[in-house]
Amino acid sequence: MIQLTTNESQIDIAKELGISDWTVRRVVFNLDQFFKPNYHWLPRHIAFDDFKSGRFAPSGMSMILMNIENHRTIDIILSRRNRYLRNYFLRYDRAARLAVRTVTVDLYTPYRHLIHELFPHAIIIADHFHVVAQAYRALNKIRVKAMNQAGNGSHQWRALKHFWKLILTPAGLLKYDNYWSRRNFGYTQLTDVEVIQRLLAFNDDLKQAYRYYQDLILAINHRSKDELNHLLAIKWTQLPQSLQKVQRTLRRHRKEIITSFKYGDYTNGPVEGTNNKIKVIKRTAYGFRNFFNFRARILLALPNSYFAINWKNKRTAHVQSQTRAV
């Protein structure tokens, strides 16, 4: 059981301990008593996000539920579909659900009605990462479109391809006083800011999308309601096509984004970090066929999950009781 908390495959654990793979699986299955959620309690501030799990999930996507105050994982939920999520959360006492004050999620619209139904006293916080990601993806699409319009192998095509990271970098992180020789511009000594100015001169849509992206980052970083409203006041018909959908989406979730300025510390950043750890667990195990084993390995491997803490506390108490008996 101690080995199961490490990032090793079950086959490697079996070889190391000189036992069969099925013995390791039986040990995992016998841990079921430690992985039953407490349906009488939920934290005041929760967050959830989806991640790619496997074929055992109906849509190939599962959910991670986290206490966003202390970044502890509450549970791994099989499916992100609304019907499954509703049935899952209805297992919790109504008093536990009424105690939830905030729910931090991405901009996926179907979650909204479900959250209002299950957590009547909670307010929804739009996660900053997913807000900025809307404009990030649109800007990247416009950059690729500008490359294609310039023609494969042209000067503009090569420059936009080579400096793609620079275009997507927040303006505050660009170097304005360091000069480097830029091969794509005839080895001219240019700063990052000067390179951006030359790239934006290639395409008007790219210039407009870049400004929109940077203004959104500033509004989020400054937690400024006025800056956000000024940005969302732009007529969506005046924006490039890829940004029009972004503008409509952000307008629809304006209240949630403004609410996030008040609760700036509550973001899905810890959830996204946990998603990366889950990817490592899946890669080490070469995938999972059974959701119970998948969920157990995740909750054991995450040192900040309630289940790992509960299991370690019970294991310590068991060892102490055996020591006293001896």
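Structural data are supplied above this passage.
Residues numbered from 1 in each chain as written. Predicted model: local features only at pLDDT ≥ 70, side-chain atom pairs only at ≥ 80, totals over all residues. Heavy atoms only, no water.

Visitor: How should I be thinking about the overall build of the protein chain in this particular structure?
Guide: Assigned secondary structure in the protein chain consists of 16 helices and seven strands. Oriented by its inertia axes, the alpha-carbon framework of the protein chain measures out at about 80 × 50 × 35 Å. The burial tally for the protein chain puts 45% of its 326 residues in the buried class. On the protein chain, roughly 17,600 Å² of surface is accessible, and the fraction owed to carbon and sulfur atoms is 51%. (Helix = DSSP H or I, 4+ residues; strand = E, 2+ residues; numbered from the N terminus. Buried < 20%, exposed > 50% of the residue type's maximum accessible area, 1.4 Å probe, protein only. Areas by Shrake-Rupley, 256 points an atom, 1.4 Å probe, with all protein chains shown as cover.)

Visitor: What am I meant to see in the nonpolar core here?
Guide: For soluble globular proteins, the rule of thumb is that nonpolar side chains tend to be buried together. Counting 42 residues, the largest nonpolar core has Leu199, Tyr212 and Leu250 as its most contacted members. Elements supplying a minimum of two residues to this core: α6 (128-150), α7 (155-162), α8 (164-167), α9 (192-200), α10 (204-222), α11 (225-232), α12 (241-252) and α13 (254-262). The greatest single-element share of this core, amounting to nine residues, is contributed by α10. Not counting the four nearest positions on each side in its chain, Leu199 is found in contact with Ala159, Leu160, Phe163, Ile167, Phe185 and Leu206. Counting 31 residues, the second largest nonpolar core, distinct from the first, contains Ile76, Leu78, Val271 and Phe291. (Core = buried A, V, L, I, M, F, W, Y, C linked by side-chain atoms within 4.5 Å. Contact = heavy atoms within 4.5 Å.)

Visitor: Can you walk me through the packing of α9 against α10 in this structure?
Guide: Think of two packed helices as two axes; the pair is described by the angle between the axes and how far apart they sit. Where α9 meets α10, the closest approach of the two axes is 8 Å, and the angle between their N-to-C directions is 135°. As summarised for this structure, α9 and α10 are arranged oblique, according to the angle between their axes. Counted together, Ile196, Leu199 and Leu200 of α9 and Leu206, Lys207 and Tyr210 of α10 form the full contact between these two elements. (Axes fitted to C-alpha atoms, helices over the stretch in contact; angles between N-to-C directions. Parallel < 35°, antiparallel > 145°, perpendicular 65-115°, else oblique.)

Visitor: Looking at this structure, I do not really get the sheet that holds strand β3 (residues 72-77). What am I missing?
Guide: Backbone hydrogen bonds are what pair the strands of a sheet, in a parallel or an antiparallel way. The mixed open sheet is built from five strands, whose spatial order is β3-β2-β1-β4-β5. Among the strands making up the open sheet, the edge pair consists of β3 and β5 (123-126). Each neighbouring strand pair of the sheet contributes to a mean axis angle of 25°, computed without reference to strand direction. The sheet contact formed by strand β1 (residues 45-52) and strand β2 (residues 61-67) spans seven bridges and is antiparallel. The partner of Phe48 across the bridge, within β2, is Leu65. On the sheet, helix α15 (residues 291-301) packs against β1, β2 and β3 and is oriented at approximately 175° with respect to β3. (Pairing = 2+ DSSP bridges.)

Visitor: Please clarify how the layout of surface pockets should be interpreted in this entry.
Guide: Over the atoms rolls a probe the size of a water molecule, and in doing so it shows where empty space is left. Taken as a whole, the largest pocket holds about 440 Å³ of empty space. Taken together, 17 residues form the lining of the largest pocket, with Gln134, Arg137, Lys245, Val246 and Thr249 sitting closest to its centre. Elements that contribute at least two residues to the lining of the largest pocket include exactly α6 and α12. Here the lining of the largest pocket takes seven residues from α6, the largest share from any one element. Here the residues of the lining of the largest pocket are counted per class, giving six nonpolar, five polar and six charged. (1 Å grid on protein atoms, 1.4 Å probe; cavity = no way out; pocket = protein on both sides within 12 Å on 5 of 7 lines; lining within 4 Å. Points joined across faces, edges and corners; volume = space filled by probe spheres on them. Nonpolar A, V, L, I, M, F, W, Y, C, P; charged D, E, K, R; others polar.)

Visitor: I'm lost on helix α2 (residues 21-29) in this one. Help?
Guide: Helical periodicity: at 3.6 residues per turn, an α-helix aligns residues three or four positions apart in one direction. All of the buried residues in α2 are Asp21, Val24 and Val28. The buried residues of α2 occupy an angular sector of 60° when projected down its axis, which confines them to one face. Opposite the buried face of α2, at more than 90 degrees from it, the exposed residues are Trp22 and Phe29. If you follow the buried residues of α2, they end up packed against α1 (10-17) and α15. (Arc of directions from axis to C-beta.)

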